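Residue strings, one per chain:
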2 protein chains.
Amino acid sequence: MKCRVCGKEASIRLTAYNTALCADDFLAFFEKRVVQTIQKYNLIEKSDVPLVAVSGGKDSLSLWHIMHLAGYPADAIYIDLGIGEYSQVSFEKAKAAAARLKRRIYRFSMPALFEKGLEELSRKMKRAPCSLCGFIKRYLMNRACVDGGYTVLATGHNLDDEASALLGNLLYWKEDYLWRKSIALEGRGAYLAKKVKPFFLCSEREAAAYAILRGIDYVYEECPYSVDAKTLLYKGLLNKVEEVSPATKIRFVKGYLKQVREQETQADAGRCARCGYPSYAEVCNFCRLFERFGIGDGLQIESYEPAGLSSIDEDSRGAGIV
Amino acid sequence: MKCRVCGKEASIRLTAYNTALCADDFLAFFEKRVVQTIQKYNLIEKSDVPLVAVSGGKDSLSLWHIMHLAGYPADAIYIDLGIGEYSQVSFEKAKAAAARLKRRIYRFSMPALFEKGLEELSRKMKRAPCSLCGFIKRYLMNRACVDGGYTVLATGHNLDDEASALLGNLLYWKEDYLWRKSIALEGRGAYLAKKVKPFFLCSEREAAAYAILRGIDYVYEECPYSVDAKTLLYKGLLNKVEEVSPATKIRFVKGYLKQVREQETQADAGRCARCGYPSYAEVCNFCRLFERFGIGDGLQIESYEPAGLSSIDEDSRGAGIV
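Residues numbered from 1 in each chain as written. Chains lettered and ligands numbered in written order. Predicted model: local features only at pLDDT ≥ 70, side-chain atom pairs only at ≥ 80, totals over all residues. Heavy atoms only, no water.

### A few points about the overall build of chain A
Point 1. Looking only at helices and strands, chain A has 12 helices and 11 strands in total.
Point 2. Scaling as 2.2 N^0.38, a compact globule of 322 residues should have a C-alpha radius of gyration of about 20 Å, and chain A matches this with 20 Å.
Point 3. Overall, the C-alpha framework of chain A stretches about 60 × 50 × 35 Å when taken along its three principal axes.
Point 4. Considering only residue pairs separated by 6 or more positions, chain A has 70% of its internal contacts joining residues 24 or more positions apart.
Point 5. Taken as two groups, the 46 positive and 40 negative side-chain charges of chain A have centres that lie 3 Å from each other. (Helix = DSSP H or I, 4+ residues; strand = E, 2+ residues; numbered from the N terminus. Rg over C-alpha atoms; globule rule 2.2 N^0.38 Å. Contact = heavy atoms within 4.5 Å. Lys, Arg positive; Asp, Glu negative; His and termini not counted. Charge placed at Lys NZ, Arg CZ, Asp CG, Glu CD.)

### Examining the sheet that holds strand E4 (residues 75-80) of chain A
Residues and elements named next belong to chain A.
Point 1. With respect to topology, 7 strands assemble into an open sheet ordered E7-E8-E6-E3-E4-E5-E11, the strand pairing being mixed. Single-partner strands in this sheet number two, and they are strand E7 (184-185) and strand E11 (301-304).
Point 2. Here strand E3 (residues 50-54) runs beside E4; their pairing, made up of 4 bridges, is parallel. The partner of Val54 across the bridge, within E4, is Tyr78.
Point 3. Helix-sheet contacts for helix H2 (residues 58-69) involve E3, E4, strand E5 (105-109) and strand E6 (152-154), and the interaxial angle to E3 is about 155 degrees. (Pairing = 2+ DSSP bridges. Axes fitted to C-alpha atoms, helices over the stretch in contact; angles between N-to-C directions.)

### Structural notes on helix H10 (residues 229-244) of chain A
Point 1. End to end, H10 of chain A covers 23 Å across 16 residues, agreeing with the expected 22 Å (1.5 Å per residue, within 8%).
Point 2. For H10 of chain A, the full list of buried residues reads Leu233, Tyr234, Lys235, Leu237, Leu238, Val241 and Glu242 of chain A. (Expected span 1.5 Å × (residues − 1). Buried < 20%, exposed > 50% of the residue type's maximum accessible area, 1.4 Å probe, protein only.)

### Let's talk about the relation of the copies chain B and chain A
Copy one and copy two of the chain differ by a rotation about an axis and a translation along that axis.
Point 1. If you rotate chain B by 180 degrees and push it 0.0 Å along the axis, it lands on chain A with an RMSD of 0.0 Å. Taken together, the rotation and translation describe the operation of a two-fold axis. Distance from the rotation axis, computed per C-alpha, reaches its smallest value in chain B at Leu237 of chain B: 3.1 Å.
Point 2. Of the residues that chain B buries at the interface, 100% are likewise interface residues in chain A, meaning the two copies contact each other through the same surface. (Least-squares fit on C-alpha atoms with pLDDT ≥ 70 in both.)

### Some words on the pattern of salt bridges
Residue and element names in this part refer to chain B.
Point 1. Per the stated rule, a full pass over the model turns up 34 salt bridges over all chains.
Point 2. One salt bridge connects Arg107 with Asp80, and the closest N-O pair in it is separated by 2.9 Å. Taken together, the residues span a long stretch of sequence, with Arg107 in strand E5 (residues 105-109) and Asp80 in strand E4 (residues 75-80) at a distance of 27 residues.
Point 3. On the basis of relative accessibility, which here comes to 16%, the residue Arg107 falls in the buried class. (Salt bridge = Lys/Arg side-chain N within 4 Å of Asp/Glu carboxyl O.)

### Description of the nonpolar core
Point 1. Core analysis: the largest hydrophobic core is formed by 135 residues, its most contacted members being Trp64 of chain A together with Trp64 of chain B.
Point 2. Non-local contacts of Trp64 of chain B, meaning those with residues more than four positions away in its chain, are made with Val52, Val54, Ala74, Asp75, Ala76, Ala94, Ala97, Ala98, Leu101, Arg103, Arg104 and Ile105 of chain B.
Point 3. Judged by nonpolar contacts, the second largest core, of 41 residues, contains Ala144, Cys287, Phe290 and Leu299 of chain A. (Core = buried A, V, L, I, M, F, W, Y, C linked by side-chain atoms within 4.5 Å.)

### Examining the interface of chain B and chain A
Point 1. On the chain A side, the residues contacting the 24 residues of chain B number 24 residues.
Point 2. Between chain B and chain A, roughly 2300 Å² of surface is buried when both sides are summed, and carbon and sulfur atoms account for 70% of that area.
Point 3. Its largest share of buried area at the contact with chain A, chain B owes to Leu171, Tyr172 and Trp173 of chain B, together 30% of the area lost on that side.
Point 4. Here chain B and chain A share 2 salt bridges between them.
Point 5. Its salt-bridge partner being Lys258 of chain B, residue Glu175 of chain A comes within 2.8 Å of it at the nearest N-O pair.
Point 6. At the junction of chain B with chain A, the criterion picks out 12 residue pairs in polar contact (both at pLDDT 80 or more).
Point 7. When contributions to the side of chain B that touches chain A are tallied by element, the ones reaching two or more residues are helix H7 (159-171), helix H10 (229-244) and helix H11 (248-262) of chain B. (Buried area = accessible area lost by both parts, 1.4 Å probe. Polar contact = N/O pair within 3.5 Å; in protein donor to acceptor, adjacent residues only side chain to side chain.)

### Remarks on the side chain of Asn158 of chain A
All names here are of chain A.
Point 1. The topology assignment puts Asn158 in the loop between E6 and helix H7 (159-171).
Point 2. Polar side-chain contacts of Asn158 include one of 3.1 Å to the side chain of Asp59.
Point 3. One polar contact links the side chain of Asn158 to the main-chain amide nitrogen of Asp160, over a distance of 2.9 Å.
Point 4. Setting aside residues no more than four positions away along its own chain, Asn158 makes contact with Lys58, Asp59, Phe199, Phe200, Cys202, Ser203 and Glu204.

### Considering the sheet that holds strand E8 (residues 194-196) of chain B
All names here are of chain B.
Point 1. Ordered in space as E7-E8-E6-E3-E4-E5-E11, the 7 strands form an open sheet in which the pairing is mixed. Each edge of the open sheet is held by one strand with a lone partner, namely strand E7 (184-185) and strand E11 (301-304).
Point 2. In this sheet, E8 lies alongside E7 in antiparallel orientation, the contact comprising 2 bridges. Each bridged residue has a counterpart across the sheet, and for Ala184 the counterpart in E8 is Val196.
Point 3. Sitting on the sheet, helix H6 (residues 129-147) touches strand E3 (50-54), E4, E5, strand E6 (152-154), E8 and E11, and the angle it makes with E4 is about 150 degrees.

### Things to note about the pairing of E5 of chain B
Residues and elements named next belong to chain B.
Point 1. In terms of burial, E5 is a largely internal element, 5 of the 5 residues being buried.
Point 2. Here E5 shows no split at all, with Ile105, Arg107 and Ser109 on one side and Tyr106 and Phe108 on the other all buried.
Point 3. Bridge count between E4 and E5: 5 bridges; the pairing is parallel. Looking at the pairing, Ile79 lines up with Phe108 of E5.
Point 4. Between the parallel pair E4 and E5, the chain is carried across by helix H3 (residues 84-101), and the sense of this crossover is right-handed.
Point 5. Bridge count between E5 and E11: 4 bridges; the pairing is antiparallel. Counterpart to Ile105 in the pairing with E11 is Tyr304. (Right-handed = clockwise from strand over helix to strand, strands pointing away.)

### Here's the deal with the packing of aromatic side chains
Point 1. Using the criterion set out here, one finds 34 aromatic pairs over all chains in the structure.
Point 2. Relative to Phe91 of chain B, the ring of Tyr78 of chain B has its centre 4.9 Å away and its plane inclined at 35 degrees; by these criteria the two rings are tilted. One end of the pair, Tyr78 of chain B, is in strand E4; the other, Phe91 of chain B, is in helix H3, with 13 residues separating them in the sequence. Residues Tyr78 of chain B and Phe91 of chain B agree in their burial class; the two are buried.
Point 3. Three or more aromatic residues joined by ring pairs form one cluster here, namely Phe114, Tyr139, Tyr277, Phe286 and Phe290 of chain A. (Phe/Tyr/Trp six-rings, centres within 6.5 Å; stacked < 30°, edge-to-face > 60°.)

Here it is in structure tokens:
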């Protein structure tokens with residue numbers, strides 16, 4: 001199997017693109033695709049000040065790296081869920097990336113906010129860890145972005161994440177979610193950040209190959225809670241279709257994006273009476289959680305600044321984030 | 001495992017309904033569900049004169065049987081595709097059902113129309129057998145219904161057929177097909193029959209169990225062409241989800257039906273300049289096929305009338321069908 005570009009021995013076969021590439025040409029190909037996605041869907045403008053949500057995993061660290069290479073320099077936000085060693089190792093990987101890229105990384109720590117990690121909070125709240133984690137992360141990432149003066153929040157959701165979530169939403173026609181998962185969600189005013197997913201069209205396998213071939217050190221373990229049986233089932237099923245019909249996943253989510261644009265805009269969420277951030281109820285889930293379990297007066301965010309911090313955007317953002 | 005109704009030993013477990021039933025109670029349950037579907041979705045009115053499309057398989061023969069039991073007496077149309085012994089055996093099963101129900105059955109025969117069976121025609125036309133079969137059957141069934149004075153055409157498409165087709169249409173967002181597959185499609189004037197699918201919410205497994213437990217003799221073999229790899233793949237994948245989450249298939253198609261009602265009505269097809277039946281082109285596919293390969297002056301339909309033919313609707317329908 002030869003590299004389609006240079007003719008040398010290929011390292012990776014990409015059936016969805018009916019091609020095979022050597023390591024170097026794959027890296028270039030992958031980076032180009034991400035940049036094309038950013039441009040085609042207007043995810044990040046040159047004037048934007050982006051923040052990347054990083055977990056320490058392959059997707060978010062690769063995304064941060066590519067944004068750096070492609071001229072979209074970004075700081076990062078890491079949410080420490082207090083899941084024992086997993087959270088520690090994940091943050092080490094994220095900090096190492098920050099040092100490599102010479103960018104600032106922020107950390108919200110659940111144990112610092114609540115004196116409890118996700119597991120204990122989940123038990124006390126009688127709510128599944130993944131559901132709890134979902135809304136806490138969404139809230140904190142949005143606040144870090146808005147309060148820090150960043151204009152867009154980028155996440156590492158990949159093609160397999162999106163296709164499997166879409167399949168689940170379609171199988172049960174979950175109308176509250178179905179048409180809300182787009183590659184870009186516009187922000188509103190000074191309380192809701194614009195959110196974008198530059199890896200929307202990149203498969204999990206491609207993102208892993210990129211991280212490995214690019215030498216990005218990431219946490220290999222999956223979050224102990226994130227191995228949700230349904231998501232894995234859907235990913236597996238879609239990969240079975242993909243085997244028989246390459247490029248199915250990408251056609252599936254691209255077709256969906258077209259439908260989303262044709263759908264009416266979703267009703268706006270209101271704003272929380274306490275914190276002013278988006279909420280469908282009078283008081284948002286996060287404020288209610290914080291009222292019950294929070295310690296201290298407000299959100300504590302830590303900022304890590306590696307030696308030789310890039311000075312492109314040395315403004316007041318970091319200091320005034322909360 | 002006990003029957004939920006009578007407490008005797010159960011014969012069939014229905015995870016989608018979280019129940020188990022003995023043979024007799026399953027038969028009653030299944031028949032009731034079909035009748036409820038007919039009523040809830042207004043598939044067949046008491047004043048309708050229905051025609052059932054039968055293939056000799058479990059779905060269509062069970063449907064014909066239940067319609068008979070439930071006070072929707074119907075004649076049937078069988079399309080003989082000239083697929084060797086398979087077609088012969090299938091028609092024998094369908095004729096046996098006609099004799100049992102004392103109803104008329106019509107037959108269109110491809111070899112009689114074209115002097116060729118599906119295989120030869122497919123080769124000559126350089127078109128896949130299933131695609132060719134699809135449009136020929138649709139055309140002939142519609143004509144048999146309209147010309148025969150029937151007011152509604154019922155087909156035996158089951159839940160698995162619909163869910164797998166829907167999954168395929170969603171994975172590739174086939175907009176030309178996606179929103180057109182409903183449980184009932186209204187007819188138009190005297191050229192397009194109303195079409196209904198009373199088994200839309202009944203699984204393949206349930207339909208097979210019904211036929212077996214009711215003693216309906218059907219052709220066990222699948223059509224040698226119909227074993228389409230994609231359809232089988234999708235059915236298998238959906239059954240995997242169903243194993244983990246019972247009732248997924250039924251929620252999937254029910255949610256879809258709700259969406260269909262919310263979609264705009266599809267653009268009307270036009271009418272063929274030759275035959276006057278529906279066509280998206282000036283001359284319909286069938287007329288072009290018939291011009292090229294047809295023998296004789298027009299469509300030949302045969303009518304089989306079993307001894308003791310039911311006289312409920314002894315009008316002029318049979319004679320004037322073509």
